[in-house]
Every structure is written in structure tokens, then in C-alpha cells.
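Take a look at the letters that make up each chain.
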Amino acid sequence: MNAEDQHYSETSPRYLALMNNAKAHPSLITAVVHPCDDVSLGGALEAMQAGLIAPILVGPEARIRATAKQHGLDISRFTLYRDGLPQANLPHAVPPFSIVNTTHSHQSAEVAVLLVKQGQAHALMKGSLHTDELLKAILDKHNGLRTGRRLSHVFVMDVPNYHKPLLLTDGAVNIEPDLLGKADIVQNAIELAHALGIAEPKVAILSAVETINPALPSTLDAAALCKMADRKQIKGGILDGPLAFDNAISAEAAQNKGITSAVSGDADILLAPNLEAGNMLAKQLTYLAGAHSAGIVLGARVPVMLTSRADNELSRLASAAVAVLLAAHHGASR
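To keep things clear, this report deals only with the structure shown in the data block. (Residues numbered from 1 in each chain as written. Predicted model: local features only at pLDDT ≥ 70, side-chain atom pairs only at ≥ 80, totals over all residues. Heavy atoms only, no water.)

This paragraph deals with the sheet that holds strand β8 (residues 202-206). Ordered in space as β3-β4-β2-β1-β5-β12-β11-β6-β7-β10-β8-β9, the twelve strands form an open sheet in which the pairing is mixed. The sheet is open, and its two edges are formed by β3 (79-80) and β9 (238-243), each paired on a single side. Taken together, the three bridges between strand β2 (residues 53-59) and strand β4 (residues 98-101) define a ladder with parallel strand orientation. Across the sheet, residue G59 finds its bridge partner in β4, namely N101. The strands that helix α7 (residues 179-195) touches are β6 (152-158), β7 (166-169), β8, β9, β10 (269-271) and β11 (292-298); relative to β10, the one it contacts most, it runs at about 165°. (Pairing = 2+ DSSP bridges. Helix = DSSP H or I, 4+ residues; strand = E, 2+ residues; numbered from the N terminus. Contact = heavy atoms within 4.5 Å. Axes fitted to C-alpha atoms, helices over the stretch in contact; angles between N-to-C directions.)

The next thing to look at is the nonpolar core. Note on soluble globular proteins: their nonpolar side chains tend to be buried together. Among the nonpolar cores identified, the biggest contains 62 residues, and L52, L192, I234 and L239 are the most heavily contacted of them. For this core, the leading source of residues is helix α12 (residues 313-333), giving ten residues. Core analysis: the second largest hydrophobic core is formed by 28 residues, A112, A121, L129 and V304 among them. (Core = buried A, V, L, I, M, F, W, Y, C linked by side-chain atoms within 4.5 Å. Buried < 20%, exposed > 50% of the residue type's maximum accessible area, 1.4 Å probe, protein only.)

With that settled, the discussion passes to the pattern of salt bridges. According to the stated counting rule, one finds eleven salt bridges in the structure shown. In this structure, the salt-bridge partner of R65 is E61, at a minimum N-O distance of 2.9 Å. Taken together, the positions of R65 and E61, both in helix α4 (residues 61-71) and four residues apart, correspond to about one turn of that helix. With relative accessibility at 31%, the residue R65 sits in the partly exposed group. Residue D230 is joined to K227 by a salt bridge in which the shortest nitrogen-to-oxygen separation is 3.4 Å. In this pair, D230 and K227 both sit in helix α8 (residues 217-230), three residues apart, roughly one turn of the helix. Salt bridges sharing partners connect three or more residues here, namely K164, K202, D266 and D268. (Salt bridge = Lys/Arg side-chain N within 4 Å of Asp/Glu carboxyl O.)

What follows is the structure, given as C-alpha cells:
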């Protein structure tokens, strides 16, 4: 084990295992969208050096090179594809380790999505543009990467005092999803769990209480989602809810309240009732419980890696590893 892996093993052995599993697959050709600051460009280069991605940098060439020079980032391997944008039918492929020059962030998102549509990139990584800009290009009705599934975000979390990785959804994309939206969000998370090697993930549908109360719509949604799973409208996982957070995470807390559940104390996936709850829970676990979090958007044609300025190197690498495993799973399941 090299010094870097030794550090990751001490910091997060679960994330190290995740990255080692991902390295068994070829590097994922990834369009990195507008990497015009040190964190986004550096994160892409870290994932490249780890053998997880083969990047195509999509953004203003001058800004990318200036950022690299300012922060001591080596992009000598990258060459300009051409001074202009790829069109619908490219005469020549855009190889990995290219810079595709654009003029602004909106254009970077559009061109990166186009590269995916043409089959020249197999994943997206968010750079220094706003998430909404990237999602707008992905969701464009004519030129985007829509599927029949709603887009949703999953935090893949390593919580030190929990006995296994924990998937938390949705804390970044869907603000106030309705019942059918939550069904898609759950199905996305279940399929990600399968890609990570969890054969039958256990899904805890969170609310403030564990009983059904018409005054709390999230409890009604939880009950309906469980029945949808019974009727095979949601497949591949074991659902239970509503469950308060303590009952989802602690079998003892559930037992003290007289709850009999196959999910309590052993949840793989936590479904938050809305974005606010999911986002706050992820940040509480990170800043108060010392958790690591990787982020990915599901439901598009390809995995979309979302990173933020607050993410450390390990979180960025774990996000790339998750994308590699998801892409490999989709390829194997087609």
C-alpha cells in the first residue's frame, strides 16, 4: 500500500475500498464542465491521476490555463481540440486530455452535454459554474440528456459511527418532490446501491415521526411508497416508513418504541422528505459527526459528478469512483 492509500485507509477505509473497486474498470471519459477555478480543475486532475477518469476540459482555454498556472496545476498533457465548438456531426473525435474552447459557462454546459450525446464522453463533472446552469443543459427538451426518470442527487456518505456506507437522497436537486417524484428518487438510489454492490438495499423513508399522520404529508408519502414497493412499482430494495431518523439508524431506538422493522438500524438509503431536510442532514453528518460525503446526480443518460468548494480531495475522488461504478453497472445491465 502506497503512502496515499495508507492515508485514505486511515481516513476512510470505505472510500478507499470504493476507489479500489472503481480502478478495476477503465478510466471513465468525462467532460469536465467549466473547470475555471483551482478546486474544480484540481479535482479533475486528482481523479485523472488516480486512474478514475480521462478528462475532456470544456471551458475558456485562456481561463483554464491561467488557473493552472496560478495554482501550480500541471495540464501540459492537455491540447486544444480546436478554436471553436464541436458541431452535430464531428469529422474527428474529441480525444481525452483535450481542451474544448468555449466563451462562457452556459456554452460550456451545452458543449459538454453535446459531447455526451455524441458518445464522446461517458460522464459529466461539474466545474466552477452554478449547478442550475448544468442541470438546465442536461434537462433541455431537445438537446439534453433526459431519460424517463427524474433527475435526483445522492450523497454517498461514510459516517464513522455507522457500520456501513449510507446513501442520502435528495439534498441537492428536487426541492419538494411529490409522491411520484419520490418514487423515482428512491428507484434511482436503489439502482446506485446495486452498482455499489448492495444486492437488496434497505430504504428508510424519513419523517419526523414513525406513525402515519395526515397532518404530516411525508408520512402519507412514506406509506404509499411502501405499498408501491409491495406492488413492484418500486423494485430492488426493501422499503419501510415513515421512520424518524433515530428509528432508521438505531435498532435499539426502534425497539424502544415497539417498531418491528427489517430496515431499522440497518438502513442503506435514507429518503429525506424534501431538499431542505436532506441538505441539512448531510451537512450535520459532515460537520458534527465527521462524515465524508461524495455526490452524484442520477437519472440522466450518464452519471453527473457534483462537487463543491467545501469538498476535500477524498470526497472528490469518491464522487469519481461512484460515477465509474455506476457507468460500469449501466453498461453491464444493458
